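# Structural features, examined
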Amino acid sequence: MGPYKIVIGSRGSELALWQANWVKSELESLNNDLEVHIRIIKTSGDKIQDVPLAKIGGKGLFVKEIEEALLAREIDIAVHSMKDVPIRLPSELQILVVTKRENPLDALVSKNGEKLADLQLNAIIGTSSLRRSTQLLRYRPDFKIKILRGNLGTRLKKLDEGQYDAILLAAAGLNRLGWADRIAEEVSHKILLPAMGQGALGIETRLNDTKVHKFISYLDHEQTHWAVDAERAVVDTLNGSCQVPIGAYATINKYLITVRGLVASPDGKSIYKLEKIGPVHKRINIGRDLGSEL
């Protein structure tokens with residue numbers, strides 16, 4: 001009998017393929033009797049590059065077609081950036097695995113290596129994220145925010161061509177693709193609270209696919225999964241989407257979890273932040289309570 005075969009569904013961007021190939025490599029190294037293949041699926045979010053996500057339906061557009069392939073049994077698992085995964089999943093699917101988190105912070109990449117505080121007056125900052133732009137305007141109301149879409153390579157090229165003075169990206173993506181040397185500053189969560197799930201990968205499966213579950217469950221990182229559970233509870237309670245500037249970031253120290261949440265007006269003039277600490281086994285309730293207070 002030959003090796004068991006698993007097909008990973010992934011977007012076709014350089015970062016998405018790095019993530020899918022990393023999962024493939026990890027699975028094959030953990031299981032000698034496993035053969036893993038990657039199938040590229042073009043999503044609506046990849047097709048529409050010239051419109052802000054908030055205007056076309058949010059980050060769920062990066063997973064919709066992949067979930068459809070999972071439901072149709074054309075693929076066996078899907079690898080996502082957890083910050084792109086909607087709160088509501090199809091009833092037949094689940095996020096079974098959340099891998100160990102990379103750097104969760106936002107990173108500033110600037111033309112001449114300046115840090116955020118040192119950028120010139122009225123500097124043009126590229127980002128497609130309401131969460132980032134709102135907090136940036138709170139920190140420096142003089143900044144001019146300009147929409148930035150495309151994969152990481154495209155975004156860096158636009159900066160290098162002089163279209164922006166600086167751009168904001170997830171530090172995790174830059175690190176994974178070997179561009180850590182482009183980072184001028186990892187921006188403190190006190191200035192830019194990260195997005196829910198930023199830096200963590202999720203593996204989505206069909207609920208009853210026990211054979212696949214057995215192969216992939218070893219990749220789950222318990223503490224990261226706990227933190228992301230709490231962050232998603234905050235966003236769920238706020239009924240959040242790309243149309244609302246929301247941040248959620250949890251950290252764990254032994255069996256205590258600190259959950260931070262933020263909701264804001266798009267112009268950055270009204271920002272509400274809260275932080276709650278409690279036992280990690282109550283992480284969902286802590287996230288919901290924080291969301292309710294916000």
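Residues numbered from 1 in each chain as written. Predicted model: local features only at pLDDT ≥ 70, side-chain atom pairs only at ≥ 80, totals over all residues. Heavy atoms only, no water.

Under the criterion given, the structure shown has 16 salt bridges. Residue Glu68 is joined to Lys64 by a salt bridge in which the shortest nitrogen-to-oxygen separation is 3.2 Å. Here Glu68 pairs with Lys64, and both are found in helix α4 (residues 64–71), just four residues apart, close to one helical turn. When its relative accessible area of 42% is taken as the criterion, Glu68 is described as partly exposed. A salt bridge links Glu275 to Arg260; the nearest nitrogen and oxygen atoms lie 3.7 Å apart. With Glu275 in strand β13 (residues 271–279) and Arg260 in strand β12 (residues 256–264), the pair connects residues that are 15 residues apart, well separated along the chain. A single network of salt bridges, built from pairs that share partners, joins Asp76, Arg206 and Asp209. (Salt bridge = Lys/Arg side-chain N within 4 Å of Asp/Glu carboxyl O. Helix = DSSP H or I, 4+ residues; strand = E, 2+ residues; numbered from the N terminus. Buried < 20%, exposed > 50% of the residue type's maximum accessible area, 1.4 Å probe, protein only.)

Quick look at the packing of helix α9 (residues 222–237) against helix α10 (residues 283–293) now. Contact geometry for α9 and α10: axes closest at 7 Å, N-to-C directions at 30°. The angle between α9 and α10 falls in the class roughly parallel. Relative to α10, α9 is oriented so that their crossing is right-handed. Facing α9, whose interface residues are Trp226, Asp229, Ala230, Ala233, Val234 and Thr237, α10 presents Arg283, Ile284, Gly287, Arg288, Leu290, Gly291 and Ser292. (Axes fitted to C-alpha atoms, helices over the stretch in contact; angles between N-to-C directions. Parallel < 35°, antiparallel > 145°, perpendicular 65-115°, else oblique. Left-handed = near helix turned anticlockwise from the far one by under 90°. Contact = heavy atoms within 4.5 Å.)

With that out of the way, let us pick up the sheet that holds β12. Strand pairing in a sheet takes place through backbone hydrogen bonds and is either antiparallel or parallel in direction. As summarised here, the arrangement of the three strands in space is β11-β12-β13, forming an open sheet in which the pairing is antiparallel. Each edge of the open sheet is held by one strand with a lone partner, namely β11 (246–253) and β13. Taking each pair of neighbouring strands and ignoring which way they run, the sheet shows an average axis angle of 10°. Where β12 lies against β13, nine bridges are found, and the strand directions are antiparallel. Within the sheet, the bridge partner assigned to Ala264 lies in β13 and is Ile271. (Pairing = 2+ DSSP bridges.)

It is worth spelling out the pairing of β12 at this point. For β12, the tally of buried residues reaches eight of nine residues, placing the bulk of the element in the interior. Pairing of β11 with β12, which is carried by eight bridges, proceeds in the antiparallel orientation. Each bridged residue has a counterpart across the sheet, and for Ile252 the counterpart in β12 is Ile257. Hairpin geometry of β12 and β13 is characterised by an intervening segment of six residues between the two adjacent antiparallel strands and by a positive phi of about 80° at Gly268.

Before going further, it helps to spend a moment on the sheet that holds strand β3 (residues 77–81). Within the open sheet, the five strands sit side by side as β2-β1-β3-β10-β4. Their pairing is mixed. The open sheet has two edge strands with one neighbour each: β2 (34–40) and β4 (93–98). Each strand of the sheet is rotated relative to its neighbour by a mean of 30°, with strand direction disregarded. Across five bridges, the pairing between β4 and strand β10 (residues 201–206) is antiparallel. By the bridge assignment for β10, Gln94 is matched with Thr205.

On to the environment of Leu17. Tracing the sequence through the fold places Leu17 in helix α1 (residues 14–30). For Leu17 and Ile38, which are 21 residues apart along the polypeptide, the C-alpha to C-alpha distance reads 8.5 Å. Apart from residues lying up to four places away in sequence, Leu17 is in contact with Ser10, Arg11, Gly12, Ile38 and Ile40.

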